[in-house]
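Report on the structure
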Amino acid sequence: MKKILFLLLVASSFAAPAQILKPAKWTFTPSKTSAKVGETIDLVFTAKIDDNWYMYSSQLKVEGPLPTSVNFTKTDGYQVVGKLTPVKPKEKFDEIWGGKVQYFEHEAKFIQKVKITKANPIIEGKIECQTCTTKDGKCVPNKDKFKFDVKTI
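None of these values were measured; they are calculated from a predicted model.

Thresholds applied
Residues numbered from 1 in each chain as written. Predicted model: local features only at pLDDT ≥ 70, side-chain atom pairs only at ≥ 80, totals over all residues. Heavy atoms only, no water. Disulfide = S-S within 2.5 Å. Buried < 20%, exposed > 50% of the residue type's maximum accessible area, 1.4 Å probe, protein only. Phe/Tyr/Trp six-rings, centres within 6.5 Å; stacked < 30°, edge-to-face > 60°. Helix = DSSP H or I, 4+ residues; strand = E, 2+ residues; numbered from the N terminus. Pairing = 2+ DSSP bridges.

To continue, consider the state of the cysteines. Under the definition given, this model contains 1 disulfide. Two residues, Cys132 and Cys139, share a disulfide whose sulfurs are 2.0 Å apart. On the sign convention where negative is left-handed, the bridge of Cys132 and Cys139, at about 110 degrees about the S-S bond, is right-handed. Accessibility expressed as a relative area gives 32% for Cys139, which makes it partly exposed. Cys129 takes part in no disulfide bond, and the closest cysteine sulfur, belonging to Cys132, lies 9.8 Å away.

What follows is the structure in C-alpha cells.
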C-alpha cells in the first residue's frame, strides 16, 4: 500500500504544471474607443511590474538586452505610424552591457500610433519584453498577446 501511495505521489508531481514566471502584467487600451476612418489614435501598452523587477525599454543604446517590442498581426484596417514610444523611462549605466540602458520599475508605459484606414479594424498581435530581478540578476523574456477594440464612427 505504501508503494502505491508513493508512486501516486511521484506521478502526480510530474503531472503538475510548471509555474511560469511573469513579473510583468499587461493591459492594452486605445486612446479612443471610437474613431473616424483616416484618424490617428494612440494604442497604450501598460505593464505593472512586480517589486524587485525591472523591464527594458523599447529604445536601447546598447546591444544585448531584449528591448520591448510589438509585432502586429497584418490585417487591413489600420497602419502603424512611427515606432513604439516609451513614456518616461529611467536611464542608468549598466556594467554588464557596457553602456546606458533605459528601463522601467513598477510600471511601464508605451505608445504606438496607428492610423485607422477601414471601418472597425482588428488590431492585435504580440508584445515582447525582458524583465530582470534586482535580487539575483535573473532575467526572463515575456510574450503576451494583445487586442485593441476600436469602433469606427
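From this point, the narrative continues.
What follows is about the packing of aromatic side chains. By the definition in use, this model includes 13 aromatic pairs. With centroids separated by 5.2 Å and ring planes inclined at 80 degrees, the aromatic side chains of Phe45 and Phe148 adopt a geometry described as edge-to-face. Highlighted residues: Phe45 in strand E3 (residues 40-49) and Phe148 in strand E11 (residues 139-149), separated in sequence by 103 residues. Phe148 matches Phe45 in its accessibility class, with the two residues each being buried. Ring centres 5.9 Å apart and planes at 55 degrees place the aromatic pair Phe72 and Tyr78 in the tilted group. In textbook terms, an aromatic cluster arises when at least three aromatic residues are bridged by ring pairs, as seen for Trp26, Phe28, Phe45, Phe72, Tyr78, Phe104, Phe110, Phe146 and Phe148.

So, about the pairing of strand E4 (residues 53-56). Here E4 shows two buried faces, one formed by Trp53 and Met55 and the other by Tyr54 and Tyr56. Relative to strand E10 (residues 122-133), E4 is paired through 3 bridges, and the arrangement is antiparallel. Across the sheet, Tyr54 pairs through a bridge with Cys132, a residue of E10.

A few words now on the environment of Glu63. By secondary structure assignment, the location of Glu63 is in the loop between E4 and strand E5 (69-72). Separated by 34 residues in sequence, Glu63 and Trp97 place their C-alpha atoms 7.1 Å apart.

Purely geometric numbers; function is a separate question.
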